[in-house]
Amino acid sequence: TTCQALGVTGIVLCARGRDSEPLRARHFTTSLKGTEDPVTGGAAGAILAFYRDADKNLEQIQIYQGGFATRGGLMRARFEAASGEAWIGGEAVKIAEGELFL
């Protein structure tokens, strides 16, 4: 796949019209064997970082993901300058539930 050829774990594509909000994004990942992750906070965070690199005053974006897959969602990514932290959340259609242990 393209991810393997580039030696990366995922590719995020995003598009933004002049006046259109939210952004639209698609995320392909090797963890899903090159298929698409319809709604992902990781992609939202990466897009926020990308746009903040160009506009340091950008504090929040909205990203629409996965509408093609009938399980889309709207993610919000926000940067808090005082703490230097990024916050990501939103709504998505849940297709699975589980626990993560580190």
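Our structure is the block above this text.
All residue numbers refer to position in the chain's written sequence, counted from 1. Where local features are concerned, this predicted model is filtered to residues with pLDDT of at least 70; where side-chain atom pairs are given and counted, the filter is 80 or more; whole-chain, interface and lining totals use all residues. The basis for every side-chain value is the complete set of non-hydrogen atoms in the structure, without hydrogens or water.

Asker: Residue-level account of the packing of aromatic side chains, with values.
Answerer: In this description, an aromatic ring pair is defined by two values, namely the gap between the centres and the angle between the planes. When the centres of two rings from Phe, Tyr and Trp lie within 6.5 Å, Trp using its six-membered ring, the rings pair. Their planes under 30 degrees apart give stacked, over 60 give edge-to-face, and anything left gives tilted. Within this structure, the stated rule accounts for one aromatic pair. Relative to Y51, the ring of F50 lies with its centre 5.3 Å away and its plane at 85°, an arrangement referred to as edge-to-face. Judged by relative accessible area, which is 18%, Y51 ranks as buried. Each ring is checked for a lysine NZ or an arginine CZ that lies within 6 Å of its centre and within 35 degrees of its normal; such an atom marks a charge sitting over the ring. Taking NZ or CZ as reference, R52 lies 3.8 Å from the ring centre of F79, over its face. Here's how the labels work: a residue is buried when its accessible area is under 20% of the maximum for its type, exposed when over 50%, partly exposed in between, all with a 1.4 Å probe on protein chains only.

Asker: Could you give an account of the sheet that holds strand β2 (residues 23–29), with specific residues and numbers?
Answerer: In this description, strands pair whenever DSSP reports at least two bridges between them. Comment: elements are numbered from the N terminus, with helices defined as DSSP H or I runs of at least four residues and strands as E runs of at least two. Taken together, the five strands give an open sheet; going across it, the order is β1-β2-β3-β4-β5, and neighbouring strands pair in mixed fashion. Strand pairing shows two members of the sheet lacking a second neighbour, β1 (10–15) and β5 (85–92), which therefore form its edges. Geometrically, the sheet is characterised by an average inter-axis angle of 30° between neighbouring strands, direction not taken into account. Where strand β3 (residues 60–65) and strand β4 (residues 73–80) come together, six bridges link them in antiparallel fashion. Bridging from a neighbouring strand, I63 pairs with M75 of β4. Lines fitted to the C-alpha atoms define the axes, with helices restricted to the stretch that makes contact. Angles between their N-to-C directions range from 0 to 180 degrees.

Asker: Explain the pattern of salt bridges residue by residue, including any values.
Answerer: Counted as salt bridges are all cases of a side-chain nitrogen of Lys or Arg within 4 Å of a carboxyl oxygen of Asp or Glu. Per the counting criterion, the structure on display carries two salt bridges. Between E91 and R76 there is a salt bridge whose closest N-O contact spans 3.2 Å. Here E91 is found in strand β5, whereas its partner R76 is found in strand β4, with 15 residues between them in sequence. Residue class for E91 comes out partly exposed when judged on its relative accessible area of 46%. Notably, a salt bridge pairs E80 with R78, separated by 2.6 Å at the nearest N-O pair.

Honestly, it's all geometry; don't read function into it.
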